[in-house]
Amino acid sequence: MKVVIANDHGGFELKRHLLSYFKEKGIEVVNLGTDSNASVDYPIYGEKLAREVLKGGYDFGIAICGTGIGISIAANKFQGIRAALIYDENTAMLAKEHNNANVIALGGRTLTNKRAEELIEAYMNSKFEARHQHRLDLLGKLGEKT
Ligand code: RB5
């Protein structure tokens, strides 16, 4: 499994924790985020993450800012990205089962490290349900209209 992470300053501490978490689990992780608490702009990191996920070769991407909101909005500007803000087990599971989200967004200031791990596990342990594919096709067509 291979994962890519990008974050702004609001996601730095959680990202740092997740790098060790993935290392312990033997999951390869690429870090595109900022590595300090100095203020940066989340749209830049949402774009970096989206472009990298779209290159392929990753199981999924993780976007982290203070709330997960801004960076997910940025990533979702890119055709082919389905970034889902997850904040409990249900949204983590459904982001995969219904939306086949290829990016999960987490709030570095809204989740504890442990909670973030639990949500990532809930997402990773879920499977996309093919009955939702036509909705993903419709989402793809929306991108063609812009
Ligand atoms: C940065 O202070 C903060 O606005 C950002 O991390 C994020 O929460 C935006 O949605």
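Structure first, text after, so check above.
Every residue gets a number counted from 1 within its own chain, in the order that chain's sequence is written. Local features in a predicted model are, by the rule used here, given only for residues with pLDDT of at least 70; side-chain atom pairs are given and counted only at 80 or more, and totals for whole chains, interfaces and linings are based on all residues. Just so you know, side-chain values use all the structure's heavy atoms and leave hydrogens and water out.

J.: Explain the packing of helix α1 (residues 12-25) against helix α5 (residues 113-124) to me, please; I cannot follow it from the model alone.
T.: How two helices sit against one another is set out by the angle between their axes and by the gap between those axes. Axis geometry follows a simple rule: fit a line to the C-alpha atoms, using only the stretch in contact for helices, then measure angles between N-to-C directions, giving values from 0 to 180 degrees. A run of H or I in DSSP counts as a helix once it spans at least four residues, and a run of E counts as a strand once it spans at least two, with each numbered from the N terminus. Packing of α1 against α5 leaves a shortest axis separation of 10 Å and a crossing angle of 50°. Judged by the angle between their axes, α1 and α5 are oblique. As for how α1 packs across α5, the hand of that crossing is right-handed. Two secondary-structure elements touch here, α1 through Leu14, His17, Leu18, Tyr21, Phe22 and Lys25 and α5 through Asn113, Ala116, Glu117, Ile120, Glu121 and Met124. Polarity classes work like this: nonpolar for Ala, Val, Leu, Ile, Met, Phe, Trp, Tyr, Cys and Pro, charged for Asp, Glu, Lys and Arg, and polar for all others, with Gly in that last group. When its residues are assigned to classes, the contact of α1 with α5 shows seven nonpolar, two polar and three charged. When describing relative orientation, an angle under 35 degrees is termed roughly parallel and one over 145 degrees roughly antiparallel, while 65 to 115 degrees is termed roughly perpendicular and anything else oblique. Left-handed is the label given to a crossing in which the near helix is rotated counterclockwise from the far helix by less than a right angle, and right-handed is the label when the rotation is clockwise. Here, two residues are considered to be in contact whenever any of their heavy atoms come within 4.5 Å of each other.

J.: Even after reading the chapter, I still don't get the site of the ligand, so can you show me in this structure?
T.: Distances are taken per atom, and a residue is near a molecule or strand as soon as one of its heavy atoms is within 4 Å of it. Around the ligand sit Asp8, His9, Tyr42, Cys65, Gly66, Thr67, Gly70 and Arg109, and those are all the residues in its vicinity. Between the ligand and the protein, one listed contact pairs an oxygen atom with a side-chain N or O atom of Asp8 at 2.6 Å. Identification of polar contacts relies on pairs of N or O atoms within 3.5 Å, with a donor-acceptor requirement for protein atoms, meaning one able to donate a hydrogen and the other able to accept it, and with residues adjacent in sequence counted only if both atoms are side-chain atoms. Here an oxygen atom of the ligand and a backbone polar atom of Thr67 are 3.0 Å apart.

J.: Mind showing me how you'd approach the pattern of salt bridges here?
T.: For side chains of opposite charge, pairing can occur when their charged atoms come near one another. Salt bridge, as applied in this entry: a Lys or Arg side-chain nitrogen positioned within 4 Å of an Asp or Glu carboxyl oxygen. The tally for this structure, following the rule as stated, stands at 10 salt bridges. The residue Lys2 makes a salt bridge to Glu28 at a minimum N-O spacing of 4.0 Å. Note that Lys2 is positioned in strand β1 (residues 2-7) and Glu28 in strand β2 (residues 28-31), a separation of 26 residues in sequence. Residues Arg131 and Glu129 are paired through a salt bridge, measuring 2.7 Å at the closest nitrogen-oxygen approach. The classification of residues rests on relative accessible area computed with a 1.4 Å probe and restricted to protein chains. Under 20% of the type maximum is buried, over 50% is exposed, and intermediate values are partly exposed. Among the residues examined, Arg131 registers a relative accessible area of 58% and is labelled exposed. A single network of salt bridges, built from pairs that share partners, joins Glu89, Arg115 and Glu118.

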